[in-house]
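Given next are the chains, with one letter for each unit.
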Amino acid sequence: MAGVTWRRLTLGVAAVYFLVPLAIAVWFTVYNESLGFSLGAYGRIVSAPGFGESLLKSLLLGAAVIVLVLLLALPALLAVRLGAPGLRPVLETITTLPLIVPPITYVVGIANALRGGTDALAATPFWQTLISIQDENFPVVLVLAYVMLALPFAYRSLDTGLRAVDVRTLVEAARNLGASWPYVLFRVILPNLRSAVAGASFLSLALVMGEYTIAALMGYRTFPVWIVTISGNDGQLSVALSVLSLGLIWLLLLTLSGAGRKSK
Amino acid sequence: MTVELRELHRSFGGTVALDGLSLTIEQGELIAFLGPSGCGKTTALRCVAGFERPDTGAVFIDGADVTRVPANRRDAGMVFQSYSLFPNLNVRDNVAFGLRVRRRPASERHDRAAELLELVGLGGFGERYPHQLSGGQQQRVALARALALQPKVLLLDEPLSALDAKVRVNLREEIRRLQLELGITTIFVTHDQEEALSVADRVAVLKSGRLEQVAPPAEVYDRPATPFVAEFVGTMNHLPGRVSGETVEVFGQTLPLDGAAPGVEVDVLVRPEAVRVTPSADGRGFILASSFRGSIARLRVQLDGGGEVLADVPGHEAVRLAPGLKVDVTLVERPVLTAPRTAVAAPVEPVA
């Protein structure tokens, strides 16, 4: 009985902590002392220049990051688990590095590399590659940077998922029944890792939808950067944007975790 | 289809798992690889399956050298020790997995899966998922899955060791029945001597990556080729004996020797069932303990001169031969094996 009371109390305090500011924020976006109740702030978002463009750009970046981070982390995790379990601590350490190094360091590093690279490669065909990965409409260089940032989260999510299944036996059983390595990966391992893959994907997406420092300093107008730019002189608009992006990310989370759960 | 292992060597770091293992498994034969953990039996099996590649030596299946053939192109069905069913697939899709990989039509997959599930006694379980089955049922499905592609060889890697004692006995009999029915060449890896002796046509006893003996179960038990086999398979008494010519003297009895003796002062190896115990006021020992096992009772007899002897007596004599009773110990008159002298009259319990 005391346990139940305690649980409810904790839950209540936590709910107040999160919900009250949220409710106040929502109230602020829809109520104005001079105009009264109005959804005008949300209307202004959708009609603001660059909304659809920057949102789409961030979602595309997110999708690319998810694909790349999974293609990178999953085979590496499997290879270490099956072939060289001794290397696991090494992998774990490497994937924590992006958490330790501050984003500003990445920006400086990447910017220097790009500048130096442009000079050094000016006379070679690689120059064109270097230019195209910095394309304003789809900056591949940001994808690469975000993959690095997402690696710690994706790695941990996938590692937990792999721990729950007997990977070696499943792989060997499938191999024994004639399955090629790609077949094993896509038809045996992935279906049994759905929720872990969904978790890794969501964390990567959330990261891309919220990352400001790197994108802003490198001069790309992603959704978070757009939010900051557009809301500079309109308090109500900026809070409405926060509420909207929170709702958006929440929706994506529900979709992804729903997709992960369906398999069970 | 025969399977031949030729001079297999395999080490992991400094540990030698296979040390020149050579063995031929005949068409339709069920051979059991028996030995303590680390003896190389599983490594040998994995070499046949293609999950391990020997450092040197070769594996032949049906006359063809498959040493360098990847696991997914070998014609060998395998059942694993741990439950290996795909958790995301139902029983039918698990059984039909190999057919699906080979892109057989759905109707054929369904029919074949149903037929095999019937064969392993799980008809009507096709729609269930692995987590809805007991351990024994899961291993039956794994067996059906391994057989679905009609492999040339069936490989069983301790398939029963995760199961309850009763399920274990049932399933091993069923495996044997199926194996005989299908006439499939089978390798059965186990550390359980009873399992090996009860299902196999021949038992291969391994130690430190080498073959100690390969023979039918009765021969492995009655005529162990080496002291290791004698001690690993069944229970063996070591009794002090003295060799003279073709005979050995033990407990005042003179018994014929089986094979050459390693010296004059030797250990005579005697099974508990070859030891007779009779009540006698001036006997050479007394009963220390008795454990009743239904049809027999195993007595632990303390000898006056030091040392112990294990003896199996019919179960109904357990009441008469109670602990504390003064008894005499005699040996059944038959040829006995000898080993270099190690201990004074100490029985050796099997390792597993």
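Now for a description of the structure that goes with this document. For clarity, every value in this text was computed on a predicted model and none was experimentally measured.

Next up on the list: the overall build of chain A. Helix and strand content of chain A: 13 helices and 2 strands. With the C-alpha coordinates of chain A rotated into their principal frame, the extents come out at 75 × 75 × 30 Å. Residues counted as buried form 28% of the 264 residues belonging to chain A. Restricting the contact set of chain A to residue pairs at least 6 apart, pairs at least 24 apart contribute 77%.

This part is about the interface of chain A and chain B. With 17 residues of chain A in contact, the opposing surface of chain B contributes 18 residues. Of the residues forming the side of chain A that touches chain B, the biggest block, 6 residues, is contributed by helix 8 (residues 167-176) of chain A. Its residues assigned to classes, the side of chain A that touches chain B comprises 8 nonpolar, 6 polar and 3 charged.

Our focus in this paragraph is the environment of Gly 13 of chain B. Residue and element names in this part refer to chain B. On the secondary structure map, Gly 13 appears in the loop between strand 1 (3-12) and strand 2 (15-25). By C-beta crowding, Gly 13 is classed as exposed, having 5 other C-beta atoms within 10 Å. Here the alpha-carbon distance between Gly 13 and Val 332, two residues 319 residues apart in the chain, equals 48 Å.

Residue and element names in this part refer to chain B. Compared with an ideal rise of 1.5 Å per residue, which puts 18 residues at 26 Å, helix 6 (residues 165-182) spans 26 Å between its outermost C-alpha atoms and is within 8% of the ideal. Where helix 6 is concerned, the buried positions are Arg 168, Leu 171, Arg 172, Ile 175 and Gln 179. Considered in projection along helix 6, the buried side chains sweep an arc of 105° and stay on one side of the axis. Turned more than 90 degrees from where helix 6 packs its buried face, Lys 166, Glu 173, Arg 177 and Glu 181 sit exposed.

Criteria and thresholds
Residues numbered from 1 in each chain as written. Chains lettered and ligands numbered in written order. Predicted model: local features only at pLDDT ≥ 70, side-chain atom pairs only at ≥ 80, totals over all residues. Helix = DSSP H or I, 4+ residues; strand = E, 2+ residues; numbered from the N terminus. Buried ≥ 20, exposed ≤ 12 C-beta atoms within 10 Å, placed from the backbone. Contact = placed C-beta atoms within 7 Å. Nonpolar A, V, L, I, M, F, W, Y, C, P; charged D, E, K, R; others polar. Expected span 1.5 Å × (residues − 1). Arc of directions from axis to C-beta.

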